[in-house]
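Structural description and commentary
One-letter residues, chain by chain:
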Amino acid sequence: MHAPNHAKFLDVYRALPADLRTLVNLLAVYYGYCSLTNIAKCLAGLGIKEGNRVLKAETVKARLRPLIAEGLLEENVRPGGTRCARGLAESIIRQLVAENEFEKYAAEVFALNPPSQGYYRYNTAEDCIREARIHFHRRDYPQMQSCLAIGRRYPGNLPSHIDLYLSWFLNPLDVAWFQQHHPAVLPDMAGYVCLHQLIY
(Lines give C-alpha, C1' and ligand atoms only; values in the text may rest on other atoms or scores of the structure.)
Protein backbone atom coordinates (compact mmCIF):
# COMPACT_ATOMS: atom_id res chain seq x y z
CA MET A 1 0.00 0.00 0.00
CA HIS A 2 1.65 3.25 -1.15
CA ALA A 3 1.92 6.15 1.31
CA PRO A 4 -0.87 8.39 -0.13
CA ASN A 5 -3.30 5.43 -0.26
CA HIS A 6 -2.22 4.33 3.20
CA ALA A 7 -2.95 7.80 4.61
CA LYS A 8 -6.32 7.85 2.84
CA PHE A 9 -7.33 4.46 4.27
CA LEU A 10 -6.22 5.52 7.76
CA ASP A 11 -8.37 8.66 7.47
CA VAL A 12 -11.38 6.51 6.50
CA TYR A 13 -10.65 4.18 9.44
CA ARG A 14 -10.38 7.06 11.93
CA ALA A 15 -13.70 8.51 10.72
CA LEU A 16 -15.60 5.25 11.37
CA PRO A 17 -18.23 5.03 14.11
CA ALA A 18 -16.87 3.39 17.28
CA ASP A 19 -18.53 -0.01 16.70
CA LEU A 20 -17.12 -0.34 13.16
CA ARG A 21 -13.69 0.82 14.31
CA THR A 22 -13.84 -1.90 16.99
CA LEU A 23 -14.57 -4.44 14.26
CA VAL A 24 -11.57 -3.33 12.19
CA ASN A 25 -9.35 -3.29 15.31
CA LEU A 26 -10.38 -6.85 16.12
CA LEU A 27 -9.49 -8.09 12.64
CA ALA A 28 -6.19 -6.18 12.69
CA VAL A 29 -5.22 -8.17 15.80
CA TYR A 30 -6.73 -11.43 14.49
CA TYR A 31 -4.63 -10.96 11.33
CA GLY A 32 -6.06 -13.90 9.35
CA TYR A 33 -9.40 -14.61 7.72
CA CYS A 34 -12.07 -14.86 10.41
CA SER A 35 -15.55 -16.38 10.03
CA LEU A 36 -18.75 -14.43 10.70
CA THR A 37 -19.50 -16.63 13.72
CA ASN A 38 -16.07 -16.05 15.26
CA ILE A 39 -16.25 -12.31 14.59
CA ALA A 40 -19.62 -12.22 16.36
CA LYS A 41 -18.21 -14.11 19.38
CA CYS A 42 -15.28 -11.72 19.71
CA LEU A 43 -17.51 -8.67 19.30
CA ALA A 44 -19.77 -10.00 22.08
CA GLY A 45 -16.71 -10.21 24.33
CA LEU A 46 -15.97 -6.58 23.45
CA GLY A 47 -19.53 -5.56 24.38
CA ILE A 48 -21.09 -5.38 20.90
CA LYS A 49 -24.26 -7.49 20.98
CA GLU A 50 -27.96 -7.45 20.10
CA GLY A 51 -29.39 -7.01 23.58
CA ASN A 52 -27.89 -9.93 25.50
CA ARG A 53 -27.32 -12.04 22.40
CA VAL A 54 -24.36 -12.53 20.11
CA LEU A 55 -24.85 -10.78 16.76
CA LYS A 56 -26.36 -12.91 14.01
CA ALA A 57 -24.16 -13.78 11.02
CA GLU A 58 -26.33 -11.61 8.74
CA THR A 59 -25.87 -8.62 11.05
CA VAL A 60 -22.10 -9.08 11.08
CA LYS A 61 -22.09 -9.43 7.30
CA ALA A 62 -24.04 -6.18 6.94
CA ARG A 63 -21.42 -4.39 9.06
CA LEU A 64 -18.56 -5.88 7.06
CA ARG A 65 -19.87 -4.91 3.60
CA PRO A 66 -19.14 -1.15 3.73
CA LEU A 67 -15.71 -1.82 5.29
CA ILE A 68 -14.85 -4.22 2.47
CA ALA A 69 -16.13 -1.68 -0.09
CA GLU A 70 -13.88 1.01 1.46
CA GLY A 71 -10.85 -1.30 1.20
CA LEU A 72 -10.31 -1.52 4.97
CA LEU A 73 -11.14 -5.23 5.02
CA GLU A 74 -10.54 -8.07 2.56
CA GLU A 75 -12.95 -10.91 1.93
CA ASN A 76 -11.98 -14.45 1.02
CA VAL A 77 -15.03 -15.85 -0.75
CA ARG A 78 -13.58 -19.37 -0.69
CA PRO A 79 -13.22 -20.87 1.90
CA GLY A 80 -14.75 -17.76 3.47
CA GLY A 81 -13.80 -15.23 6.09
CA THR A 82 -12.74 -11.62 6.33
CA ARG A 83 -9.48 -10.02 7.43
CA CYS A 84 -8.06 -6.55 7.92
CA ALA A 85 -6.31 -5.20 4.83
CA ARG A 86 -2.65 -6.21 5.21
CA GLY A 87 -1.41 -2.69 4.48
CA LEU A 88 -3.41 -1.29 7.40
CA ALA A 89 -3.12 -4.02 10.03
CA GLU A 90 0.27 -2.97 11.43
CA SER A 91 -0.62 0.73 11.63
CA ILE A 92 -3.79 -0.12 13.54
CA ILE A 93 -1.95 -2.50 15.89
CA ARG A 94 0.64 0.18 16.64
CA GLN A 95 -2.10 2.66 17.46
CA LEU A 96 -3.79 0.13 19.78
CA VAL A 97 -0.47 -0.56 21.55
CA ALA A 98 0.23 3.17 21.95
CA GLU A 99 -3.27 3.74 23.38
CA ASN A 100 -3.08 0.69 25.71
CA GLU A 101 -6.03 -0.87 23.88
CA PHE A 102 -4.18 -3.84 22.38
CA GLU A 103 -4.61 -6.29 25.26
CA LYS A 104 -8.40 -6.31 25.25
CA TYR A 105 -8.43 -7.38 21.59
CA ALA A 106 -5.62 -9.92 22.10
CA ALA A 107 -7.61 -11.43 25.00
CA GLU A 108 -10.65 -11.94 22.75
CA VAL A 109 -8.52 -13.52 20.01
CA PHE A 110 -6.96 -15.90 22.55
CA ALA A 111 -10.39 -16.68 24.04
CA LEU A 112 -11.50 -17.71 20.56
CA ASN A 113 -8.34 -19.73 19.86
CA PRO A 114 -6.87 -20.71 23.25
CA PRO A 115 -3.22 -21.71 22.84
CA SER A 116 -2.83 -25.44 23.37
CA GLN A 117 0.30 -27.32 24.37
CA GLY A 118 2.36 -29.99 22.69
CA TYR A 119 3.56 -30.87 19.22
CA TYR A 120 0.22 -30.24 17.45
CA ARG A 121 -0.34 -26.82 18.97
CA TYR A 122 -1.43 -25.15 15.72
CA ASN A 123 -3.86 -26.34 13.07
CA THR A 124 -2.48 -23.96 10.44
CA ALA A 125 0.58 -21.78 9.86
CA GLU A 126 -1.78 -18.79 10.12
CA ASP A 127 -2.69 -19.79 13.71
CA CYS A 128 1.01 -19.87 14.61
CA ILE A 129 1.77 -16.50 13.00
CA ARG A 130 -1.24 -14.92 14.75
CA GLU A 131 -0.05 -16.02 18.19
CA ALA A 132 3.60 -15.14 17.52
CA ARG A 133 2.62 -11.66 16.32
CA ILE A 134 0.56 -11.02 19.45
CA HIS A 135 3.54 -12.00 21.62
CA PHE A 136 5.76 -9.76 19.50
CA HIS A 137 3.53 -6.77 20.19
CA ARG A 138 3.48 -7.71 23.88
CA ARG A 139 7.30 -7.58 23.72
CA ASP A 140 7.43 -11.18 24.85
CA TYR A 141 10.13 -12.15 22.36
CA PRO A 142 11.05 -15.53 23.95
CA GLN A 143 7.40 -16.65 23.72
CA MET A 144 7.22 -15.38 20.13
CA GLN A 145 10.33 -17.42 19.25
CA SER A 146 8.85 -20.48 20.98
CA CYS A 147 5.63 -20.18 18.94
CA LEU A 148 7.58 -19.99 15.68
CA ALA A 149 9.80 -22.94 16.63
CA ILE A 150 6.73 -25.09 17.41
CA GLY A 151 4.96 -23.95 14.21
CA ARG A 152 8.02 -24.81 12.10
CA ARG A 153 7.83 -28.42 13.27
CA TYR A 154 4.05 -28.65 12.80
CA PRO A 155 2.20 -27.63 10.68
CA GLY A 156 5.30 -26.28 8.91
CA ASN A 157 5.31 -24.06 5.80
CA LEU A 158 6.01 -20.91 7.82
CA PRO A 159 7.73 -17.98 6.15
CA SER A 160 11.23 -17.37 7.52
CA HIS A 161 11.27 -15.55 10.83
CA ILE A 162 13.12 -12.66 9.16
CA ASP A 163 10.36 -12.26 6.56
CA LEU A 164 7.75 -12.23 9.34
CA TYR A 165 9.66 -9.62 11.36
CA LEU A 166 10.09 -7.43 8.29
CA SER A 167 6.37 -7.69 7.46
CA TRP A 168 5.63 -6.36 10.97
CA PHE A 169 8.40 -3.75 10.85
CA LEU A 170 8.12 -2.28 7.35
CA ASN A 171 4.34 -1.99 6.83
CA PRO A 172 4.87 0.96 7.11
CA LEU A 173 8.31 1.78 8.51
CA ASP A 174 8.00 3.88 11.68
CA VAL A 175 11.37 3.99 13.42
CA ALA A 176 10.19 6.41 16.13
CA TRP A 177 7.36 4.04 17.14
CA PHE A 178 9.77 1.08 17.29
CA GLN A 179 12.28 3.10 19.31
CA GLN A 180 9.57 3.76 21.86
CA HIS A 181 7.83 0.35 21.90
CA HIS A 182 10.46 -2.19 20.73
CA PRO A 183 13.88 -0.68 21.53
CA ALA A 184 15.38 -4.10 22.36
CA VAL A 185 14.86 -5.47 18.84
CA LEU A 186 15.31 -2.32 16.76
CA PRO A 187 19.03 -3.00 16.00
CA ASP A 188 18.18 -6.55 14.85
CA MET A 189 15.34 -5.22 12.67
CA ALA A 190 17.68 -2.67 11.08
CA GLY A 191 20.16 -5.48 10.39
CA TYR A 192 17.44 -7.61 8.76
CA VAL A 193 16.44 -4.68 6.54
CA CYS A 194 20.05 -4.25 5.40
CA LEU A 195 20.41 -7.98 4.76
CA HIS A 196 17.13 -7.99 2.83
CA GLN A 197 18.36 -5.11 0.65
CA LEU A 198 21.64 -6.91 -0.07
CA ILE A 199 19.92 -10.16 -1.06
CA TYR A 200 17.04 -8.69 -3.05
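Just above, that's the structure.
This text gives an overview of the structure that appears in the document.

The rules behind each value
- Residues numbered from 1 in each chain as written.
- Predicted model: local features only at pLDDT ≥ 70, side-chain atom pairs only at ≥ 80, totals over all residues.
- Heavy atoms only, no water.
- Helix = DSSP H or I, 4+ residues; strand = E, 2+ residues; numbered from the N terminus.
- Rg over C-alpha atoms; globule rule 2.2 N^0.38 Å.
- Buried < 20%, exposed > 50% of the residue type's maximum accessible area, 1.4 Å probe, protein only.
- Contact = heavy atoms within 4.5 Å.
- Areas by Shrake-Rupley, 256 points an atom, 1.4 Å probe, with all protein chains shown as cover.
- Lys, Arg positive; Asp, Glu negative; His and termini not counted.
- Charge placed at Lys NZ, Arg CZ, Asp CG, Glu CD.
- Salt bridge = Lys/Arg side-chain N within 4 Å of Asp/Glu carboxyl O.
- Polar contact = N/O pair within 3.5 Å; in protein donor to acceptor, adjacent residues only side chain to side chain.
- Core = buried A, V, L, I, M, F, W, Y, C linked by side-chain atoms within 4.5 Å.
- Patch = residues over 30% accessible without salt bridge, like charges linked within 9 Å, V, L, I, M, F, W, Y side chains within 5 Å.
- Disulfide = S-S within 2.5 Å.

With respect to the overall build of the protein
What the protein contains, in helices and strands, is eleven helices and two strands. Across the protein, helices and strands are ordered from the amino to the carboxyl terminus as α-α-α-α-β-β-α-α-α-α-α-α-α. For 200 residues, the compact-globule estimate of 2.2 N^0.38 gives 16 Å, and the C-alpha radius of gyration of the protein, at 17 Å, lies within 12% of that figure. With the principal axes as the frame, the protein shows a C-alpha extent of 50 × 45 × 30 Å. The burial tally for the protein puts 44% of its 200 residues in the buried class. Restricting to contacts in the protein with at least 6 residues of sequence separation, those with at least 24 account for 66%. Put simply, the protein shows about 10400 Å² of open surface, and 52% of that area lies on carbon and sulfur atoms. Side chains of the protein carry 22 positive and 19 negative charges; the gap between the two charge centres is 5 Å.

Comments concerning the pattern of salt bridges
According to the stated counting rule, one finds eight salt bridges in the structure shown. Measuring nitrogen to oxygen at the nearest pair gives 2.7 Å for the salt bridge that ties Glu74 to Arg83. With relative accessibility at 16%, the residue Arg83 sits in the buried group.

Some thoughts on the side chain of Arg133
Position of Arg133 among the secondary structure elements: in helix 7 (residues 125-137). Within the structure, Arg133 has its side chain in polar contact with the backbone oxygen of Val29 (distance 3.4 Å). Here the side chain of Arg133 touches Glu90 through a polar contact of 2.7 Å, side chain to side chain. Among all residues touching Arg133, those that are not within four sequence positions of it are Ala28, Val29, Tyr31, Ala89, Glu90, Ile93 and Trp168.

What to know about the nonpolar core
The nonpolar side chains of a soluble globular protein tend to be buried with one another. With 59 residues, the main nonpolar core has Ile39, Cys84 and Trp168 as its most contacted residues. When residues of this core are assigned to their parent elements, the largest contribution, eight residues, is made by helix 2 (residues 18-30). Once residues within four sequence positions are removed from consideration, Trp168 is found in contact with Tyr31, Glu90, Arg94, Ile129, Ala132, Arg133, Phe136, Met144 and Phe178.

Things to note about a nonpolar patch on the surface
The grouping of Tyr119, Tyr120 and Tyr154 at the surface amounts to a nonpolar patch, some 350 Å² of accessible area in total. With a relative accessible area of 58%, Tyr120 lands in the exposed category.

Thoughts on the state of the cysteines
By the definition in use, this model includes zero disulfides. Of all cysteine sulfurs in the structure, the one in Cys147 sits closest to Cys128, which takes part in no disulfide; the separation is 6.1 Å.

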